[in-house]
Amino acid sequence: MSDMDKQSPVRGCVAVAVVEGSDLSAAVGAHFGRSPRFLLVRDSGANVQALDNSHAEAAQGAGTATASLLIRNGVTVVLAGQFGPKAEDALRAGGILPVVVRPGTRADEALAQLQPEMLRAAD
Amino acid sequence: MRLAVASGKGGTGKTLVATNLAWSLAARRAGVAYVDADVEAPNGHLFFQPDFTWIERHGVPVPTLDGAHCAGCGECASACQFGAIVSGPDAVTVYPDLCHACGVCLRACPEASLREVVRETGTLRRGHVGRMGFVDGTLDPGEARSAPLIQATVALGGEANLAVLDAPPGTSCAAVAAVEDADLVILVCEPTPFGLHDLELSLQMCATLGLEAAAVINRSDLGDSQVRSLLARERVPVLAEVPFDPEIAAACASGMLASAQVPGFASTVEAVADQLLARCGGRQ
Ligand code: SF4
Ligand code: SF4
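Residues numbered from 1 in each chain as written. Chains lettered and ligands numbered in written order. Predicted model: local features only at pLDDT ≥ 70, side-chain atom pairs only at ≥ 80, totals over all residues. Heavy atoms only, no water.

Concerning the interface of chain A and chain B
What counts is decided by this rule: By definition, residues are in contact when any of their heavy atoms lie within 4.5 Å. Buried area adds together the accessible area that both of two parts lose upon being put together, with accessible area traced by a 1.4 Å probe. Salt bridge, as used here: a side-chain nitrogen of Lys or Arg that lies within 4 Å of a carboxyl oxygen of Asp or Glu. Polar contact criterion, stated in full: a pair of N or O atoms within 3.5 Å, where within protein one must be able to donate a hydrogen and the other to accept it, and residues adjacent in sequence count only if both atoms are side-chain atoms. Labels follow the DSSP assignment, with helices taken as runs of H or I lasting at least four residues and strands as runs of E lasting at least two, numbered in each case from the N terminus. Each residue is assigned to one of three groups, with Ala, Val, Leu, Ile, Met, Phe, Trp, Tyr, Cys and Pro labelled nonpolar, Asp, Glu, Lys and Arg labelled charged, and all others, Gly among them, labelled polar.
Listed as interface residues are 12 residues of chain A and, on the opposing side, 15 residues of chain B. Of the roughly 1,100 Å² buried at the junction of chain A and chain B (both faces included), carbon and sulfur atoms supply 56%. Where chain A meets chain B, there are one salt bridge. Across the pair Lys86 of chain A and Asp97 of chain B runs a salt bridge, and its minimum N-O distance is 2.8 Å. On the surface where chain A and chain B come into contact, there are five residue pairs in polar contact (both at pLDDT 80 or more). Among the secondary structure elements, those contributing two or more residues to the side of chain A that touches chain B are helix H1 (62-72) and helix H2 (85-93) of chain A. At five residues, the largest contribution of residues to the side of chain A that touches chain B is made by H1 of chain A. Looking at the side of chain A that touches chain B residue by residue, the classes come out as four nonpolar, five polar and three charged.

Section: the pairing of strand E11 (residues 238-242) of chain B
Residue and element names in this part refer to chain B. We count it as follows: We treat two strands as partners when DSSP finds at least two bridges between them. Here, the term right-handed applies to a crossover whose path from the first strand over the helix to the second runs clockwise when the strands point away from the viewer.
As paired elements, strand E10 (residues 213-218) and E11 share four bridges and run parallel to each other. Its bridge partner lying in E11, Ala215 is registered against Val238. Each parallel crossover has a hand, and the one from E10 via helix H8 (residues 226-233) to E11 is right-handed.

Side note on the sheet that holds E11 of chain B
Residues and elements named next belong to chain B. Definition in use: For helices, the fitted line uses only the C-alpha atoms of the stretch in contact; every axis is such a line through C-alpha atoms, and the angle between N-to-C directions lies from 0 to 180 degrees.
Ordered by their spatial adjacency, nine strands build an open sheet running E3-E6-E7-E2-E8-E1-E9-E10-E11, and the pairing between neighbours is mixed. Of all strands in the sheet, those bounded by a partner on one side alone are strand E3 (51-64) and E11. Here the average twist between neighbouring strands, direction ignored, is 20°. With five bridges connecting them, strand E2 (residues 32-36) and strand E8 (residues 162-166) associate as parallel partners. Within E8, the position partnered with Asp36 by the bridge is Asp166. Across the sheet, helix H5 (residues 147-157) touches strand E1 (2-6), E2, E3, strand E6 (115-129), strand E7 (132-139) and E8, and the angle it forms with E6 is around 40°.

Looking at the environment of Gly45 of chain A
Residue and element names in this part refer to chain A. The criterion, for reference: Between buried and exposed lies partly exposed: a residue is buried under 20% and exposed over 50% of the maximum accessible area for its type, with that area taken using a 1.4 Å probe on protein chains only.
Residue placement: Gly45 occurs in the loop between strand E2 (37-42) and strand E3 (47-52). Accessibility expressed as a relative area gives 27% for Gly45, which makes it partly exposed. Separated by 63 residues in the primary sequence, Gly45 and Asp108 place their C-alpha atoms 8.2 Å from one another.

Quick word on the side chain of Asp36 of chain B
Residue and element names in this part refer to chain B. Note the following rule: By the counting scheme adopted, Arg and Lys are positive, Glu and Asp are negative, and His together with the chain ends is not counted.
Tracing the backbone through its elements, the reader meets Asp36 in strand E2. Of the side chains bearing the opposite charge, Lys14 lies closest to the buried Asp36, which forms no salt bridge; the N-O distance is 5.8 Å. A distance of 3.1 Å separates a polar atom in the side chain of Asp36 from the backbone nitrogen of Asn43. Not counting residues within four places of it along the chain, the set of residues in contact with Asp36 comprises Pro42, Asn43, Gly44, Val135, Asp136, Gly137, Thr153 and Asp166.

Details of the packing of H1 of chain A against H2 of chain A
Residues and elements named next belong to chain A. What counts here: The scheme is simple: roughly parallel for angles under 35 degrees, roughly antiparallel for over 145, roughly perpendicular for 65 to 115, oblique for anything else. What makes a crossing left-handed is the near helix being turned counterclockwise from the far one by less than a right angle; a clockwise turn instead makes it right-handed.
Close contact between H1 and H2 brings their axes to 8 Å; oriented N to C, the two are set at 25°. The pairing of H1 with H2 is recorded here as roughly parallel in orientation. Classified by chirality, the crossing of H2 by H1 is right-handed. Contacts between H1 and H2 involve Gly63, Thr64, Ala67 and Ile71 from the former and Lys86, Ala87, Ala90 and Leu91 from the latter. The residue makeup of the contact of H1 with H2, split by class, is five nonpolar, two polar and one charged.

Concerning the sheet that holds strand E5 (residues 97-100) of chain A
Residues and elements named next belong to chain A. Strand order in the open sheet formed by five strands is E3-E2-E1-E4-E5, and the pairing between neighbours is mixed. For this open sheet the edge positions go to E3 and E5, each flanked by a neighbour on one side alone. Averaged over all pairs of adjacent strands, the angle between strand axes in this sheet comes to 25°, irrespective of strand direction. Of the pairings in the sheet, the one linking strand E1 (residues 14-18) to E2 comprises five bridges and is antiparallel in character.

Some points on the site of ligand 2
Where we set the bar: Being near a molecule or strand, for a residue, means having at least one of its heavy atoms within 4 Å of it.
The immediate surroundings of ligand 2 are formed by 14 residues, with Cys70, Ala71, Cys73, Cys76 and Cys109 of chain B found nearest. Taken together, the residues of the shell around ligand 2 break down into nine nonpolar, three polar and two charged.

Some details on the packing of aromatic side chains
Here a ring pair, both rings aromatic, is described through the centre-centre distance and the interplanar angle of the planes. All names here are of chain B. Cut-off, in case you're wondering: Only rings of Phe, Tyr and Trp enter the pairing, Trp through its six-membered ring, and a pair is recorded when the two centres are within 6.5 Å. The plane angle decides the type: under 30 degrees is stacked, over 60 is edge-to-face, the rest tilted.
On inspection of all chains with the given rule, the structure shows seven aromatic pairs over all chains. Judged by centre distance (5.7 Å) and plane angle (75°), the ring pair of Phe52 and Phe134 falls under edge-to-face. Within this pair, whereas Phe52 is found in strand E3, its partner Phe134 is found in strand E7, the two being separated by 82 residues in sequence. Relative accessible area serves as the criterion here: at 1%, Phe134 is assigned to the buried category. Put simply, the rings of Trp23, Tyr34, Phe48, Phe52 and Phe134 pair up and form one aromatic cluster.

Considerations on the domain arrangement of chain B
Residues and elements named next belong to chain B. Our working rule: Throughout, the edges of the domains are those of an automatic or database domain assignment.
Along its sequence, chain B is organised into domain 1 (2-57 + 121-283) and domain 2 (65-119). Distance between the C-alpha centres of domain 1 and domain 2: 39 Å. At the interface, four residues of domain 1 touch six residues of domain 2. On the domain 1 side of the interface with domain 2, the three residues burying the most area are Thr121, Glu143 and Arg145, jointly 87% of the side's total. On the surface where domain 1 and domain 2 come into contact, there are one salt bridge. Residue Glu143 is joined to Arg119 by a salt bridge in which the shortest nitrogen-to-oxygen separation is 2.8 Å. Taken together, the connections running from domain 1 to domain 2 amount to three residue pairs in polar contact (both at pLDDT 80 or more). Classifying every residue of the side of domain 1 that touches domain 2 by side-chain character gives one nonpolar, one polar and two charged.

See the structure below:
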């Protein structure tokens, strides 16, 4: 198990679904459960890590398995273009706020727009 | 010996072929059963009005906390291959339609908090019509996971010497669950462009599963020749062609076996039954 698989001690981690890229210039991906990668953003953007999602190709249960991956990584808010109903339910059950963002938006712009929600959910 | 009667989509005459063929085989040989595994819309019973001797609810096990202490550690969710269990801070959420009842999460939980409860998904029935056996499975309304019930239905029907399985239409997991152990898949198809596409998918499914296929062309006088060319190219034998006949449609609509009402259709079905018995004569 890598470090990324363990629960993060840091509160307030925003995950951004992306197709590729590992910094905040990356574009927000269209679909949560099918997202091959997430950027985990901590400390208001000072700390960005890429987390690859091995569940993106799963025939079934991709959304809920991806939710579990983010729960394990201590995520509190997640941004994506769209969320399936089970994924959304699983995220909320795990204490993660799903936020819909127009796909293709730059990650840093999407984060900037979402400050108030981020802060609320992160505490 | 299991004969699965399948089709690329509903409404092609699959149940017409399955019910009449089973009845015709039962007239020729003992130990024949009609098995309705089209659990989302089983309607074979309408044609036979069987005497049921055994009815039971069928269920699948799903994990549950059931009030036990949960540490929120997420071990169960990490262990599940199907994304069917998600852990929150002090409880888990189980998604029964994703759960494959593998039991891995139960073993993974360090607190031994999870146990299995049976979640009922449908009803299994067994009976007979004269000397023909009858089995069907009926999925509960709104239930998403049909494969376990289909497998149970097929297994119950498989106790017969010669089972004629009415499979769910399509090529989904449900259809695969019904046909995967069949000795022969009889594809009921129509000679239209849509029928051609459905037939291509069905043939692909059979090829992937390594199953032998044969075809019955229904409403064979409508449409074009592409379905026949495809079957010829794939070397899939055509057991029968059934031309459109309003009397067959009328018999079906009133819940009667068309072979008991329409002599021409009866002889077509009998010929198919004879071919099949000749084929399976040596390997029962
Ligand atoms: S029984 Fe298997 S499939 Fe179902 S939740 Fe547990 S680990 Fe997942
Ligand atoms: S493994 Fe057991 S204790 Fe841990 S989250 Fe799952 S149910 Fe709770």
